[in-house]
Amino acid sequence: MTIGTWNLENLFRPGEPDGPEDDQSYRAKLAALAAAITEFEPDLLGVQEVGNPDALADLVDLLDGEWHIALSAHPDGRGIRVGFLGRTPLTTIADVTAFPARFAPVQTQDTGVPVGAMGRGGLAVTLEPVPGRTLTAAVCHLKSKLLGYPGNRHAPRDEGERARYAAYALWRRGAEAATMRALADRLLADDGRTHDVVVMGDLNDQPQAATTQILYGPPGSQIGTPGFDRPDRGDATRLWNLAPLIPEEQRFSRVFEGQVELIDHILVSHALLARVDTVTTGTGHTLSSVTDQPAERQGRPGSDHAPVVARLTY
């Protein structure tokens, strides 16, 4: 079984905000996305930045075989949301936005009401990869490190504003990571040694970032650490990031201002660790460098992210 996560970058139809300006550009984008998906042949693909659901249906029409779609009912203010494409039927079991209990709303700008929910819903589904065995998967798209300022600006008025809005983004991303961790706790049900659970998505930060590590659960025993091969009490609730299994030359999913970074991740429960065969960042996917001006890529083919793909044995 092959699972993956991919930020499809502003999947809108032509003429929509953030979408391609014309049908030719739209068709080129869809063709590039479809070619990549066909190349790595996922059985389950978590997707981010789905704008118009009809655009996702247009993409699926270019793929071979039968596909099932599950989408979050909670897009952000730009209209983008997360979802899944699956070769087998998908059953939605959660679509979360509210921060966990006892988590106070966080400040996200200089003025205005603090927020107590994720900007984009986190979606969880179940499926049967093989008869009689259930896989539970959750997908999310956490708050970006790319900063926006009042008035739809992407440049700060001064250094003080930049520092404040960087902190606001970090607080929100941390709160969203805690929300997804709470969802993961529900899915693991204190039994990750036997439950097949995957959490995937665009976490908008590197594997060692504090916000990313919130999702891991109990510390220690991550892949590549001295405790990895030693069972401990945390195995029942821990998630393992598969990033260290990606070949080093492929260990990035975006290029920002010429610097490679891995911000898209697949995390698995203990029950799935032994089933992981290979992990890659797609095949034949060429990334262009992006800047803090996201509109510069509007209408370009493909995506500014590479897919992260894991092959499991069942």
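First, a word on what this report is: a plain description of the structure on this page. (Residues numbered from 1 in each chain as written. Predicted model: local features only at pLDDT ≥ 70, side-chain atom pairs only at ≥ 80, totals over all residues. Heavy atoms only, no water.)

1. As for helix α1 (residues 23–40)
The end-to-end C-alpha distance of α1 is 26 Å, a good match for the 26 Å that 18 residues give at a rise of 1.5 Å each. Residues of α1 that are buried: Y26, K29, L30, L33, A34, A36, I37 and F40. Down the axis of α1, the buried set is contained in an arc of 160°. They therefore lie on one face. Buried positions along α1 lie against β1 (2–11), β2 (44–50), α2 (53–61) and β14 (308–312). Of the residues flanking the start of α1, the one acting as N-cap is D22, its side-chain oxygen 3.2 Å from the backbone nitrogen of Q24. Of the residues trailing α1, E41 is marked for its positive phi of about 50°. (Helix = DSSP H or I, 4+ residues; strand = E, 2+ residues; numbered from the N terminus. Expected span 1.5 Å × (residues − 1). Buried < 20%, exposed > 50% of the residue type's maximum accessible area, 1.4 Å probe, protein only. Arc of directions from axis to C-beta. Contact = heavy atoms within 4.5 Å. Polar contact = N/O pair within 3.5 Å; in protein donor to acceptor, adjacent residues only side chain to side chain.)

2. Some thoughts on the nonpolar core
Membership of the largest hydrophobic core comes to 30 residues, with the highest contact counts inside it found for I3, L44, F84, V198 and I266. Core analysis: the next-biggest nonpolar cluster, separate from the first, contains 24 residues, L183, A184, Y216 and L239 among them. (Core = buried A, V, L, I, M, F, W, Y, C linked by side-chain atoms within 4.5 Å.)

3. Some details on the sheet that holds strand β7 (residues 133–141)
The six strands lie next to each other as β5-β6-β7-β8-β12-β9, forming an open sheet whose pairing is mixed. What marks the edges here is a single partner per strand, and that holds for β5 (91–98) and β9 (240–241). With two bridges joining them, β9 and strand β12 (residues 264–268) adopt antiparallel strand pairing. In the sheet register, N241 faces β12, and the bridge partner there is L267. Where helix α3 (residues 159–188) meets the sheet, its contacts fall on β5, β6 (117–130), β7 and β8 (196–202), and the angle it forms with β6 comes to roughly 30°. (Pairing = 2+ DSSP bridges. Axes fitted to C-alpha atoms, helices over the stretch in contact; angles between N-to-C directions.)

4. Observations concerning unusual backbone geometry
Of note in the backbone geometry, E49 takes a positive phi value of approximately 60° without being a glycine. One non-glycine residue with positive phi stands out, namely S221, at about 70°. The topology assignment puts S221 in the loop between α4 (210–214) and β9. Owing to a relative accessible area of 6%, S221 belongs among the buried residues under this scheme.

5. As for the packing of aromatic side chains
One pass over the structure, following the stated rule, counts five aromatic pairs. Between Y168 and W171, the aromatic rings sit 5.8 Å apart at their centres with planes inclined by 55°, giving tilted as the arrangement. On the criterion of helical spacing, the pair formed by Y168 and W171 is a turn pair, its members being three residues apart in helix α3. You can call W171 partly exposed: its relative accessible area is 44%. Clustering of aromatic rings is evident, with ring pairs tying together Y149, Y165, Y168 and W171. (Phe/Tyr/Trp six-rings, centres within 6.5 Å; stacked < 30°, edge-to-face > 60°.)

6. So, the pairing of β6
Taken together, the six bridges between β5 and β6 define a ladder with antiparallel strand orientation. By the bridge assignment for β6, A94 is matched with A124. Bridge count between β6 and β7: six bridges; the pairing is antiparallel. Bridge pairing in β7 places L127 opposite L135. If you look at the hairpin formed by β6 and β7, you'll find two residues sitting between the two strands, and G132 has a positive phi there, around 85°.

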